Every structure is written in C-alpha cells, then in structure tokens.
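Secondary and tertiary structure notes
So you can see what is in the structure, the chains are spelled out below.
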Amino acid sequence: MRPFRPEIEALQQNGITGVALPRLSDPNVIPLWFGEGDTPTPAFICDAAKRALDAGDTFYVNTRGRIELRDAIKAYLDDLYGIDLDPDRITVPGSAMLGVTIAAQMALSKGDHALITSPHWPNIESVFQVTGARVSCVRQSENDAGWNLRAADIIAAVEPETRCIYVNSPCNPTGWVMGRAEQQRMLAFCRERGILLLADEVYHRTVYHGDAAPSFLSIAQDDDPLVVVNGFSKAWAMTGWRVGWMVTPRRLVVQMATLAECFNTGATVFAQAGAIAALEGGEATVRQLRTQYQRGREITMDILGREPAIQLTEPVAAFYAFPRIKGLDSSRRFAEQLLEKHNVGVAPGYTFGPGNDGHVRICFAQSHERLAEGLHRLVTFVRDQAGGD
Ligand SMILES: Cc1ncc(COP(=O)(O)O)c(C=O)c1O
C-alpha cells in the first residue's frame, strides 16, 4: 500500500523556509531572505481591486483570465517588446509560480529529464521533481565581470531524455541576463529538438541598464516549443496577489483552458482587476521601484563590496546579491547563526543548487535604512567568524 507517490514523499523543505520559518513574524528580524521588499502595493492598484469587490466581482470568470486582463497583458507586451502577440496565447491561471508548475506538467513525465539553469530558486527544482522527471542543473560561472552562462554550455548538458529546459533570465539569485544572440541559439536548438523551453521572465523589468531584459517573446514564432511565464509580483510590488501569466503556443488554446480549470479555475477575480490597473497605469511604479532597488544595490555593493572576506560581483538585474563568503563551508549554519546572533535573515546558498554552499543570498529590495543595518550586522558577523569567534 502506497498512498503517496515517491516523488511527493521525497520532497524536502527548501533552505530559505527552513531558516526563516521559526522566526517568520518576529519584528526584531531584518528579513533579507525572501524575494520581496517592504513597500506595499501602490494604492491605485489596491483601489481597483476594492472597487471590483464592491461591484460584486466575486464569481467565476473565464478560466484563462478575464478578457480585459488578457487584452491589457497583450497591449503591455506589444508595447514593451515591439511585437504583435496573439492574445489567445495568453493565460492567467493564478500566480507565476503556478505558471511554472503547469508548464512543467505540460512537458514532463516519469523517465524524462529536465535541465535547469542554475543557481536557481529552490521551488523550481521541487516543481520539476513533482513531475517524476529526473532533474539536473547547468551552473553559471562567475568571474570579475559577473555571472555568465552560454547557450553552448546549456546545450552541452542536454541528454537524450531531456524534454524541458528551464531558463530564468534575469536570474534569481545571481541577476544573470541571457543576451539576445544566446536566446536565438537556445530557441533554435529547442525548435530543432522539440524540447520545451520554459522561460521564467518574472524579473523582466528589474534591470539596471535599459527598460526590460531581452525576452524570448521578441524572437519566437507562434508555435515554437516555448512557454514564457511572467507575473505581477516583482515589477509592481504585488507578491501577495498571486497573479501571473503564461504565453504558450497558439495551438494549445483549448488545452490551456482545461489546465487553467484543473489547477485553479483562473486567478482570483478581484485581484485581476488590480492587475489590469497595474498594467494600465503602473509604468511610473515600475520605474520608481527600479530606482529604489538600484539604490539598494548601491548600498549593498558599498557595504559588502569592500569586505575582503566577501566576494561579490555587481548584479546587473533582479534584486539579489549572491556573494561568496570566503572559508564558508555550511551556508545553512551561517544563516542560522547570523539569525540567532544578529537578527538578520538571509537565504543559505546550498538551497540554490549544487556548488553554492559557500554563498548566501541577500534581497536588497528592503527599505534602505533596514537594509544597511542588516548588511552592517552581516559584515560584523563575517569578521567575528574570521577572527575565530
Ligand atoms: C525565479 C522565480 N520564478 C517564479 C517566481 C514566482 O513568482 P510569483 O510569486 O509571482 O508566483 C519567483 C518568486 O520569487 C522567482 O524568483
């Protein structure tokens, strides 16, 4: 008798939650561990959701997302990338996370292989594990110029059973961005081999040069084996809203409606009203948040960049620093002791895939004073450790 699949029994708590859970709502902790800032969603977005509730928007709607929202997403993407996206390719199943889950289910079964560009956010690996597929990573390398991964490196790691390649650009936790030419190579390879390219572009607007990171949407054809996942959490400070979108091949319209219905029957209807407001009036918000994160990045580089025991290249995108701490052999122990002794929460590197146990991830989206205080305490802790404390 086996009521649960072995893949489910084998799931483990990720290292970020593992460290954070016991102190989650402790006001004494400076929380640099999760992927969000402390700025609430702007009032005009909240007001749109409140108006929807007051107007009685509390019923089932189109499972692929309200037509008005899908039209607004199309208009936004067309404008941002200079494309003419078929709105039928857009589905709003719930959060971006749900989009990743659905895409993984679309490609993978037991016996298949999934390839993840890494370091990677741990939940991504869990999503692939749940499908029963075997998962492996192809890791970016870091030099003085920053993090890098070529399409050729990814392609070299592909196996005969590979059915899905996950590319997260801009990357959580390194900020690595895949350039246009490399994207062309990846897409051509996946097209030729019939492998699903799962592009996670949730940090598309958190870039420190230009207005948006290159998107696979700019180069893809309607029926390419490509699923692009994106959402409202990061660019519009809407992490708690759980709304995101997927762009899938044209021919899967019916299947996407069915999948959306199975997984969540669409995103929460009044949250969709907030999402429409974000797209229609949120460009200033996107820019303000980016400016705030840019200052967070400067503060982080100022405080950590000068520390001899901390090796850190400046991230070009997203809102994380992923430094290597010299001599560190257990990022979990480091994160737990930093929390215990100095009330600062960071994410341990080991949870971002193999090869990262000498690193920690720091989210610099928090308000600047708190961020600086947290970083100073981290430096003190690193120095104490080096001094044998
Ligand atoms: C790389 C990556 N993909 C997907 C998600 C999920 O985004 P959401 O919270 O909008 O579902 C996150 C959230 O941190 C992320 O970092």
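Residues numbered from 1 in each chain as written. Predicted model: local features only at pLDDT ≥ 70, side-chain atom pairs only at ≥ 80, totals over all residues. Heavy atoms only, no water.

**Overview of the domain arrangement of the protein**
Here is the rule: An automatic or database domain assignment is the source of the domain bounds shown. Whether two residues touch is decided by their heavy atoms; if any such pair falls within 4.5 Å, the residues are in contact. Once two parts are joined, some of their accessible surface, as seen by a 1.4 Å probe, is lost; buried area is that loss totalled over both.
Split into domains, the protein comes out as domain 1 (6-41 + 284-380) and domain 2 (43-281). Taking only C-alpha atoms, the centre of domain 1 and the centre of domain 2 are 24 Å apart. Listed as interface residues are 37 residues of domain 1 and, on the opposing side, 43 residues of domain 2. At the boundary of domain 1 with domain 2, total buried surface from both sides reaches about 3300 Å², with 55% on carbon and sulfur atoms.

**Things to note about the sheet that holds strand 3 (residues 113-118)**
Spelled out, the test is: Pairing between two strands is assigned when DSSP locates at least 2 bridges connecting them. Numbering goes from the N terminus for both helices and strands, where a helix is a DSSP run of H or I of at least four residues and a strand is a run of E of at least two. Axis lines are fitted to C-alpha atoms, over the contacting stretch for helices. Their N-to-C directions set the angle, which ranges from 0 to 180 degrees.
Pairing is mixed across the open sheet formed by seven strands, whose spatial order is 2-10-9-8-7-3-4. Each end of this open sheet is capped by a strand with a single partner; those strands are strand 2 (90-94) and strand 4 (134-139). With direction set aside, neighbouring strand axes in the sheet form an average angle of 20 degrees. Where strand 7 (residues 162-168) lies against strand 8 (residues 196-200), five bridges are found, and the strand directions are parallel. Bridge pairing in strand 8 places tyrosine 166 opposite leucine 198. Against the sheet, helix 4 (residues 67-81) contacts strand 2 and strand 10 (244-247), and its axis sits at roughly 120 degrees relative to strand 2. This element, helix 8 (residues 180-193), spans strand 7, strand 8 and strand 9 (226-231) of the sheet and lies at about 160 degrees to strand 7.

**As for helix 11 (residues 283-304)**
Stated formally: Helix span, as expected, comes to 1.5 Å for every residue beyond the first. Under the scheme applied here, a residue whose accessible area is under 20% of the maximum for its type counts as buried, over 50% as exposed, and between as partly exposed, the area being computed with a 1.4 Å probe on protein chains only.
With 22 residues, helix 11 should reach 32 Å at 1.5 Å per residue; the first-to-last C-alpha distance of 31 Å fits that figure. Within helix 11 the residues assigned to the buried category are Thr285, Val286, Leu289, Arg290, Tyr293, Gly296, Arg297, Ile299, Thr300, Met301, Ile303 and Leu304. Its buried side turned inward, helix 11 meets helix 3 (43-54), strand 11 (310-311), strand 12 (320-321), strand 16 (360-363) and helix 13 (368-386).

**Describing a nonpolar patch on the surface**
The condition that has to hold: Note that patches include only residues with greater than 30% relative accessible area and no salt bridge, and the join distances are 9 Å for like charges and 5 Å for nonpolar side chains (Val, Leu, Ile, Met, Phe, Trp, Tyr). Areas reported as accessible are Shrake-Rupley estimates using a 1.4 Å probe. Residue values count occlusion only from the protein chains shown. We define a salt bridge as a side-chain nitrogen of Lys or Arg found within 4 Å of a carboxyl oxygen belonging to Asp or Glu.
A contiguous nonpolar surface patch, about 250 Å² in accessible area, is contributed by Phe4, Ile8 and Leu11. Within the secondary structure layout, leucine 11 lies in the loop between helix 1 (6-9) and helix 2 (15-20).

**Side note on the pattern of salt bridges**
Under the criterion given, the structure shown has 28 salt bridges. Residues arginine 185 and glutamate 182 are paired through a salt bridge, measuring 2.3 Å at the closest nitrogen-oxygen approach. Linking arginine 185 with glutamate 182, this pair stays in helix 8, spanning three residues, or about one helical turn. Taking the relative accessible area as the measure of exposure, arginine 185 reaches 47% and is therefore partly exposed. What you see here is one network of salt bridges that share partners, running through Arg205, Asp211, Glu283, Arg287 and Arg290.

**Points about the site of the ligand**
Quick note on the threshold: Near is defined per residue: the residue qualifies when any heavy atom it owns lies within 4 Å of the molecule or strand. N or O atoms within 3.5 Å of each other form a polar contact, as long as, within protein, one can give a hydrogen and the other can take it, and as long as residues adjacent in sequence are counted only when both atoms are side-chain atoms. Lys, Arg, Asp and Glu make up the charged group, whereas Ala, Val, Leu, Ile, Met, Phe, Trp, Tyr, Cys and Pro make up the nonpolar group; the residues left over, Gly among them, are polar.
The local shell around the ligand holds 13 residues, among which Asn172, Asp200, Tyr203, Ser233 and Lys234 are the closest. Within the contact set of the ligand, an oxygen atom lies 2.7 Å away from a side-chain nitrogen or oxygen of tyrosine 203. Contact with the protein chains hides 95% of the accessible area of the ligand, taken as 390 Å² for the molecule alone. Of all elements in the fold, only helix 5 (96-107) and strand 7 reach the threshold of two or more residues within the shell around the ligand. A class-by-class count of the residues in the shell around the ligand yields six nonpolar, four polar and three charged.

**What about the nonpolar core?**
Soluble globular proteins: nonpolar side chains tend toward being buried together. Condition: Among buried residues, the Ala, Val, Leu, Ile, Met, Phe, Trp, Tyr and Cys ones that are joined through side-chain atoms within 4.5 Å form a nonpolar core.
Counting 122 residues, the largest nonpolar core has Phe128, Ile165, Phe216, Phe232, Trp236 and Trp245 as its most contacted members. A per-element tally of this core places helix 5 first, with eight residues. Each of two domains, domain 1 (6-41 + 284-380) and domain 2 (43-281), supplies a minimum of three residues to this core. In contact with phenylalanine 232, not counting residues within four places along its chain, are Leu69, Ala237, Met238, Val243, Gly244, Trp245, Ala275, Ala278 and Leu279.

**Focus on unusual backbone geometry**
Serine 118 connects to proline 119 through a cis peptide bond whose omega is -5 degrees. For proline 119, the position within the fold is in the loop between strand 3 and helix 6 (122-130). A cis amide bond, omega 25 degrees, links asparagine 172 with the succeeding residue proline 173. Of note in the backbone geometry, alanine 237 takes a positive phi value of approximately 55 degrees without being a glycine.

**Description of the sheet that holds strand 15 (residues 347-348)**
Pairing is antiparallel across the open sheet formed by three strands, whose spatial order is 12-16-15. Single-partner strands in this sheet number two, and they are strand 12 and strand 15. Looking at chain direction, strand 15 and strand 16 are connected through two bridges and run antiparallel. Bridge pairing links proline 348 to valine 360 in strand 16.

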